[in-house]
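Each chain, written out:
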Amino acid sequence: MDFKNIPEERKIQFARLMGGMSRTVQQFLFALFAVGLIVSMDYLVPAKSTFLEVEEAIPDVPWDFKIFEDVDADRPATNELVSYGRRLIMETADYIGPKSSKPFAGNNLDCNSCHLDGGTKPFAAPFVTVPSQFPQFRGRENKEGTLYERINGCMQRSMNGRPLPEDSQELEAMVAYMEWLSFDKPRGNKVRGNKFLPIEYPDRQVDLKRGEEVYAMHCASCHGSDGQGERNIESYTYLYPPLWGPDSYNHGAGMHRVLTAAQFIKGNMPLGTTADEPLLSDEEAYDVAGYINSFTRPLKLNPENDFPDKKLKPLSTPYGPWADSFSQEQHKYGPYGEMAAYYQAKYNLKKTK
Ligand code: HEC
Ligand code: HEC
């Protein structure tokens with residue numbers, strides 16, 4: 001899908017719409033909007049302190065993710081920064097990948113490899129409304145973090161690289177793009193599908209044998225039986241990204257957690273799958289998530305510093321230390337039922353991944 005950025009046009013359309021209405025209608029709409037905002041804020045937005053990774057707050061606010069459909073591909077982009085942001089997200093490897101002129105990422109994945117459709121696909125951790133949710137409490141660092149820091153979290157883990165400088169045009173551009181995606185959406189609200197599709201994981205260990213079968217049947221055709229994917233021609237980017245090995249996300253990445261990967265896979269893979277009509281069962285997603293994460297991949301430096309408050313560590317974080325005495329094997333492959341029960345009983349924490 002070709003992208004040309006049109007925030008100006010969209011704003012003008014909106015202004016025209018409003019201009020065509022009488023003052024009373026405008027005021028009425030505004031009041032309605034304000035009331036709606038207050039009501040939805042009350043019900044939908046958890047207090048800032050509860051924005052924990054372990055929480056699933058997915059209020060049912062519908063949003064139109066097909067916002068690029070009416071974009072005129074022949075019109076030049078009107079906002080260079082937004083357009084650069086979009087390209088950075090779609091073709092990350094060409095701009096900041098290890099072989100590019102600004103080698104900040106350590107692998108050749110694109111942000112779009114996981115934040116599908118340029119960060120507009122529901123249940124693929126979309127970027128829509130994300131800017132207004134920051135600063136946000138992050139368990140991994142145990143402090144309020146900015147959106148720049150969050151992006152750099154993915155840079156150092158999912159992209160196995162270095163943080164982009166705080167004053168870089170790249171960070172500015174990515175955030176401009178995320179803002180652009182969000183500008184007509186309710187601010188501060190989480191939207192439906194804002195993370196991944198929650199699954200009911202089976203209360204047993206991952207079955208790697210079954211995972212391998214699911215992989216062979218539903219994944220290998222694109223990602224390869226060796227999991228190394230396939231490159232695009234004349235680009236550093238991938239047509240099908242690798243799922244393990246040296247050019248994949250590192251072991252500190254969210255996708256390396258079986259429960260997080262299972263949620264992503266269930267709602268999005270094989271490519272084309274939507275959360276409304278998943279192809280895999282929860283069990284299949286769970287087993288294949290364990291399977292792809294059973295292979296070697298780059299190691300994140302100093303992983304022991306993650307989650308200074310260890311009890312906030314997601315259950316399937318496969319590296320210690322933890323605030324419990326379950327084995328490393330059990331953290332990596334489950335079963336997670338008794339672990340979840342432990343955190344519920346001991347710390348009153350409801351962990352879903
Ligand atoms: C290997 C997969 C992967 C890649 C590649 C990746 N991310 Fe992420 N990203 C994730 C996961 C997993 C999460 C956590 C989602 C959750 O909280 O459930 C995440 C979360 C985020 C968030 C927070 C979203 C929110 O809803 O709070 C931002 C912002 C983000 N990523 C930006 C980026 C950017 C920018 C890039 C490219 C430089 C990138 N990511 C590359 C997997 C990835
Ligand atoms: C039809 C091709 C296709 C199939 C089949 C497919 N994928 Fe993917 N997968 C992709 C593409 C393409 C992306 C990156 C998104 C993009 O470029 O739009 C991706 C991204 C991913 C990612 C995140 C990026 C990364 O490199 O880690 C994971 C994990 C993943 N797929 C797992 C699976 C699993 C597990 C299966 C089988 C259940 C599967 N895929 C089946 C094409 C496919």
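Residues numbered from 1 in each chain as written. Chains lettered and ligands numbered in written order. Predicted model: local features only at pLDDT ≥ 70, side-chain atom pairs only at ≥ 80, totals over all residues.

Asks: Can you explain the overall build of the protein chain? Please cite residues and give values.
Replies: Helices and strands together make up the secondary structure of the protein chain, namely 13 helices and 4 strands. By the burial criterion, 38% of the 353 residues in the protein chain qualify as buried. (Helix = DSSP H or I, 4+ residues; strand = E, 2+ residues; numbered from the N terminus. Buried ≥ 20, exposed ≤ 12 C-beta atoms within 10 Å, placed from the backbone.)

Asks: Could you give an account of unusual backbone geometry, naming the residues involved and the relevant values?
Replies: A cis geometry characterises the amide bond from Phe134 onward to Pro135, with omega recorded as 0°. The topology assignment puts Pro135 in the loop between α5 (116–119) and β1 (136–138). Cis geometry is adopted by the peptide bond preceding Pro335, which originates at Gly334 and carries an omega value of 5°. Its location among the elements puts Pro335 in the loop between α12 (328–333) and α13 (337–347). We note that Ala125 has phi near 45°; this positive angle belongs to a residue other than glycine. Note that Ala125 resides in the loop between α5 and β1.

Asks: Outline the packing of helix α10 (residues 258–268) against helix α11 (residues 282–292), supporting the account with residue identities and numerical values.
Replies: For the pair α10 and α11, the least separation of the axes is 8 Å and the interaxial angle reads 125°. Relative to α11, the element α10 is oriented oblique. Where α10 crosses over α11, the handedness of that crossing is right-handed. For the pair α10 and α11, the contacting residues are Val258, Ala261, Ala262, Ile265 and Lys266 in the first and Asp282, Ala285, Tyr286, Val288, Ala289, Gly290 and Ile292 in the second. (Axes fitted to C-alpha atoms, helices over the stretch in contact; angles between N-to-C directions. Parallel < 35°, antiparallel > 145°, perpendicular 65-115°, else oblique. Left-handed = near helix turned anticlockwise from the far one by under 90°. Contact = placed C-beta atoms within 7 Å.)

Asks: So what's going on with the site of ligand 1? Residues and values would help.
Replies: Close contacts around ligand 1 come from 23 residues, with Cys111, Cys114, Cys154, Ser158 and Gly254 the closest. Looking at the shell around ligand 1, the element that brings in the most residues is helix α6 (residues 147–156), giving 4 residues. Within the shell around ligand 1, the residues separate by chemical class into 14 nonpolar, 7 polar and 2 charged. Counting the residues that make up the shell around ligand 1, at least three belong to each of domain 1 (7–182) and domain 2 (208–347). (Near = placed C-beta within 6 Å. Nonpolar A, V, L, I, M, F, W, Y, C, P; charged D, E, K, R; others polar. Domains from an automatic or database assignment.)

Asks: So what's going on with the site of ligand 2? Residues and values would help.
Replies: Taken together, the neighbourhood of ligand 2 is formed by 24 residues, with Cys219, Cys222, Pro241, Pro270 and Leu271 sitting nearest. With 3 residues, helix α9 (residues 220–223) is the largest single contributor of residues to the shell around ligand 2. Looking at the shell around ligand 2 residue by residue, the classes come out as 19 nonpolar, 5 polar and no charged. When we break the shell around ligand 2 down by domain, the ones giving at least three residues each are domain 1 (7–182) and domain 2 (208–347).

Asks: Outline the nonpolar core, supporting the account with residue identities and numerical values.
Replies: Of all hydrophobic cores here, the largest spans 66 residues; its most connected members are Met174, Tyr177, Ala262, Ile265, Val288 and Ala289. For this core, the secondary-structure elements that each account for two or more residues are α3 (80–90), α4 (92–96), α6, α7 (169–182), α8 (208–218), α10 and α11. Top contributing element to this core by residue count: α7, with 9 residues. Ignoring any residue separated from it by four or fewer positions in sequence, one finds Ala262 in contact with Ile199, Tyr201, Ala285, Tyr286 and Ala289. (Core = buried A, V, L, I, M, F, W, Y, C linked by C-beta atoms within 7 Å.)

Asks: Report on the environment of Gly106, specifying residues and quantitative values.
Replies: Along the chain, Gly106 turns up in the loop between α4 and α5. Placed 142 residues apart in sequence, Gly106 and Ser248 show a C-alpha to C-alpha distance of 9.0 Å. In this view, Gly106 contacts Pro98, Met159, Asn160, Gly161 and Pro298; residues no more than four positions away in its chain are not counted.

Asks: If you had to explain the packing of α3 against α7 to someone new, which residues and values would you point to?
Replies: Packed helices, taken two at a time, are described by their axes: the angle between them and the distance between them. Close contact between α3 and α7 brings their axes to 7 Å; oriented N to C, the two are set at 100°. Between α3 and α7, the angle falls in the class roughly perpendicular. On α7, the residues that touch Leu81, Val82, Tyr84, Gly85, Arg86, Leu88 and Ile89 of α3 are Glu170, Glu172, Ala173, Met174, Ala176, Tyr177 and Trp180.

Asks: An account of the environment of Glu200 is requested, with residue identities and associated values reported.
Replies: Relative to the helices and strands, Glu200 resides in the loop between α7 and α8. Distance from Glu200 to Leu259, taken between C-alpha atoms, is 9.7 Å for residues 59 residues apart in sequence.

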